[in-house]
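What follows is the residue order along each chain.
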Amino acid sequence: MAKHWADFQYEIYLNGMTGAVPRLPTDLTRLEELAEHRLGPGPVGYVAGSAGEGSTARANRAALDRRRIVPRMLRDVQERDLSVEVLGRALPAPLALAPVGTISIMHPDAESAVARAAAAHGVPYVLSSASSTPMEQVAEEMGDAERWFQLYWGKDREVTRSFLGRAKAAGFTVLVVTLDTPMMAWRPRDLDQAYLPFLHGVGTANYFTDPAFRAGLAQPVHEDPNAAVRHFLGLFGDASHTWPDLAFLREHWDGPIVLKGVLHPDDARLAADAGMDGVVVSNHGGRQVAGSVAAADALPGVAAAVGDRLTVLFDSGVRTGADVFKALALGARAVLLGRPYVYGLGLDGQAGVEHVIRCALAEFDLTLALSGHATPATVTADDLTETPI
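Rules and cut-offs
Residues numbered from 1 in each chain as written. Predicted model: local features only at pLDDT ≥ 70, side-chain atom pairs only at ≥ 80, totals over all residues. Heavy atoms only, no water. UniProt positions renumbered as here; feature names shortened; annotations may be inferred. Helix = DSSP H or I, 4+ residues; strand = E, 2+ residues; numbered from the N terminus. Buried < 20%, exposed > 50% of the residue type's maximum accessible area, 1.4 Å probe, protein only. Contact = heavy atoms within 4.5 Å. Axes fitted to C-alpha atoms, helices over the stretch in contact; angles between N-to-C directions. Nonpolar A, V, L, I, M, F, W, Y, C, P; charged D, E, K, R; others polar. Core = buried A, V, L, I, M, F, W, Y, C linked by side-chain atoms within 4.5 Å. Pairing = 2+ DSSP bridges. Right-handed = clockwise from strand over helix to strand, strands pointing away. Expected span 1.5 Å × (residues − 1). Bend = angle between axes of the 7 residues up to and from the residue. Patch = residues over 30% accessible without salt bridge, like charges linked within 9 Å, V, L, I, M, F, W, Y side chains within 5 Å. Areas by Shrake-Rupley, 256 points an atom, 1.4 Å probe, with all protein chains shown as cover. Salt bridge = Lys/Arg side-chain N within 4 Å of Asp/Glu carboxyl O.

## Here's the deal with the UniProt feature "binding site: glyoxylate" (unreviewed entry) in the chain
The UniProt entry lists Tyr46, Tyr152, Arg187, Lys260, His284 and Arg287 under the feature "binding site: glyoxylate" (unreviewed entry), expressed in the numbering used here. Position of Tyr152 relative to the elements: it lies in strand β6 (residues 147-152). Tyr152 sits in the buried class, given a relative accessible area of 14%. Setting aside residues no more than four positions away along its own chain, Tyr152 makes contact with Ser128, Ser129, Ala130, Thr178, Thr181, Tyr207, Phe236 and His284. Tracing the chain through its elements places Arg287 in the loop between β9 (278-281) and α14 (295-306). Assessed through its relative accessible area of 11%, Arg287 is described here as buried. Apart from residues no more than four positions distant in its own chain, Arg287 is found in contact with Tyr46, Val47, Gly49, Ser50, Ala51, Ala185, Arg187 and Arg339.

## A short note on the environment of Leu246
Its location among the elements puts Leu246 in helix α12 (residues 246-252). Between the C-alpha atom of Leu246 and that of Asn206, which follows or precedes it by 40 residues, the distance is 22 Å. Other than its neighbours up to four places away in sequence, Leu246 contacts Trp153, Leu259, Ala274 and Met276.

## Concerning the packing of helix α4 (residues 55-66) against α14
Contact geometry of α4 with α14 gives a least axis separation of 7 Å together with a crossing angle of 65 degrees. Within the contact between the two elements, α4 uses Asn60, Ala63, Leu64 and Arg66 and α14 uses Ala295, Ala296 and Asp297. Looking at the contact of α4 with α14 residue by residue, the class counts come to four nonpolar, one polar and two charged.

## Thoughts on the nonpolar core
With 110 residues, the main nonpolar core has Tyr125 and Tyr207 as its most contacted residues. Ranked by the residues each element gives to this core, the list is headed by helix α16 (residues 339-370), at 14 residues. Within the second largest apolar cluster, 15 residues are counted, among which are Val84, Val280, Leu313 and Leu336.

## Regarding the pairing of strand β7 (residues 174-178)
Most of β7 is tucked away: five of the five residues are buried. Alternating positions in β7 separate into two faces, Val174, Val176 and Thr178 on one and Leu175 and Val177 on the other, with burial throughout. As defined by bridge partners, β6 adjoins β7 across five bridges and the pair is classed as parallel. Paired with Trp148 across the bridge in β7 is Val174. On the question of chirality, the crossover connecting β6 to the parallel β7 by way of helix α7 (residues 157-169) is right-handed. Sheet analysis places β7 next to strand β8 (residues 257-262), joined by four bridges and oriented parallel. Paired with Leu175 across the two strands is Ile257, which belongs to β8.

## Digging into α16
For α16, with 32 residues, the first-to-last C-alpha span of 26 Å runs short of the 46 Å given by 1.5 Å per residue. If you look at α16, its biggest bend is around 145 degrees, right at Asp348. The buried fraction of α16 amounts to 26 of the 32 residues, a majority that puts the element mostly inside the structure. Two residues or fewer after α16 comes Gly372, characterised by a positive phi angle close to 100 degrees.

## A short note on a nonpolar patch on the surface
Taken together, the side chains of Tyr10, Tyr13, Leu14 and Met17 define a hydrophobic patch exposed on the protein surface, amounting to about 550 Å² of accessible area. Checked against the element boundaries, Leu14 lands in helix α1 (residues 8-15). Judged by its relative accessible area of 59%, Leu14 falls in the exposed class.

## Examining unusual backbone geometry
The phi angle at Leu87 is positive, at roughly 55 degrees, despite the residue not being glycine. Structurally, Leu87 can be placed in the loop between β2 (84-86) and β3 (89-91). Leu87 sits in the buried class, given a relative accessible area of 14%. In the Ramachandran plot, Ala110 falls in the positive-phi region, its phi being about 45 degrees despite a non-glycine side chain. As for its placement among the helices and strands, Ala110 is situated in helix α5 (residues 110-121).

## Description of the pairing of strand β10 (residues 311-314)
The alternating pattern of β10 places Thr311 and Leu313 and Val312 and Phe314 on opposite faces, both of which are buried. Bridging between β9 and β10 involves four bridges; their strand directions are parallel. Bridged to Gly278 within β10 is Thr311. Read as a crossover between parallel neighbours, the route from β9 over α14 to β10 is right-handed. The pairing of β10 with strand β11 (residues 334-337) spans two bridges and is classified as parallel. Each bridged residue has a counterpart across the sheet, and for Leu313 the counterpart in β11 is Ala334. A crossover links β10 with its parallel partner β11, the connecting element being helix α15 (residues 321-329), and its sense is right-handed.

Structure (C-alpha cells):
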C-alpha cells in the first residue's frame, strides 16, 4: 500500500492525547508572520522581501487564489499514490525544495538541516550556488537521497566548469540554471536595512572552497576575506549570456538541465530548441522584476507551448498543498517550494523544515483525494475554475 501523506494529521491528533500540539502552525501561510516576530529584521526581510513595492509577490498569490478547485464526487480515492517521475527521477510526490541562498542567516545549521529534512522524506533538495555550506558537505548529509544543483551562471567560465564537475562528483543529478538573476533587483526591504549577506561572506561557501575561484585570488581567503568577497561580487552574475551560450553548459553537464525563470512561451521554445530538459516557470518569488506577470498566470501558456517537449516545473507564490494541486492543474509536472521551508528552518531548524514538508504534502494528499483524484496524473485544467478577485 502506498504511503498516505495525509496520515500526518492523525499523528498530530494522537499526540494531542498527551497534551502535545505542533511546535509550529500547520497553516503554512502563518509562518512568515511568526518569523517576523521571532527573527531579526535583516534576515527576515532578506527572505520575505520582494522587488520594488512588492506587487509581483502579491500577484503570485492572487493568481493562485483566483483559481478555485472544483471537487468531484464518488470517485475511488481510498488508496492513493502521489509518486511521479520527473526528469527521469522517481519522486514520492510532485514536490521539491527550491534553491534559496544564504540561509545561514536564518539558522546556523543552514543547508545541512534542510538536506537532512529533505532526505528524511525523499523530497529532492535543490541546493543553491549561493549556499552557506559547501556542496560536498550537503551531499554527505543526504547520503543517497535525490539532490539537484542550482547554478548562478557567472562571468568566470572556469569557476562554472569547476562547479559543474564538483556537483556531478557529489552526486547531484539535475542542473537547475537560474536565468532571471544576472544582477540583483531593486529590493527596498534590504536597501532600507543596508543588508546584503554576501558582503559578510555569507552564501559564498561554494566559491570560497572552489579551486578555480581561489586561483583568482592574490591571497588565500582567510588572509584577505574582503578581497575574496570583492572577487565573488565581480563574477557572480553575467548579464551578457545569450541562448547560444547554453551549449557550454550542455557540454559540461551530462544530466538533465532545467532553466529557471522562464515566463514567456517563446523562451520555453528556445529552451527546447537548445536541447534543455525542462523549465521552471518562476519569477523568483517576486524578487527580481516589480510589476512582472504572475508565475501562475504564465504557467498555462508555457505548458501549452512545450509540455510535450520539456518537463515544466513551477515556483513562486506556493504556500500550501492546495497551491501544489493548482499548479499541477495549470500544467506543471512538479512544484518547487521556497520561502515556507526557510521560515520553518529559521523557527525550528531541521524539525521545522520537516514540519513544512509534511504539512504541505499532507494537505496536498487530502486536497487531491477530496477533489476526486487518487494520483497527480489525473489532475487537469478541468479541475479549476477562475474567479475574479
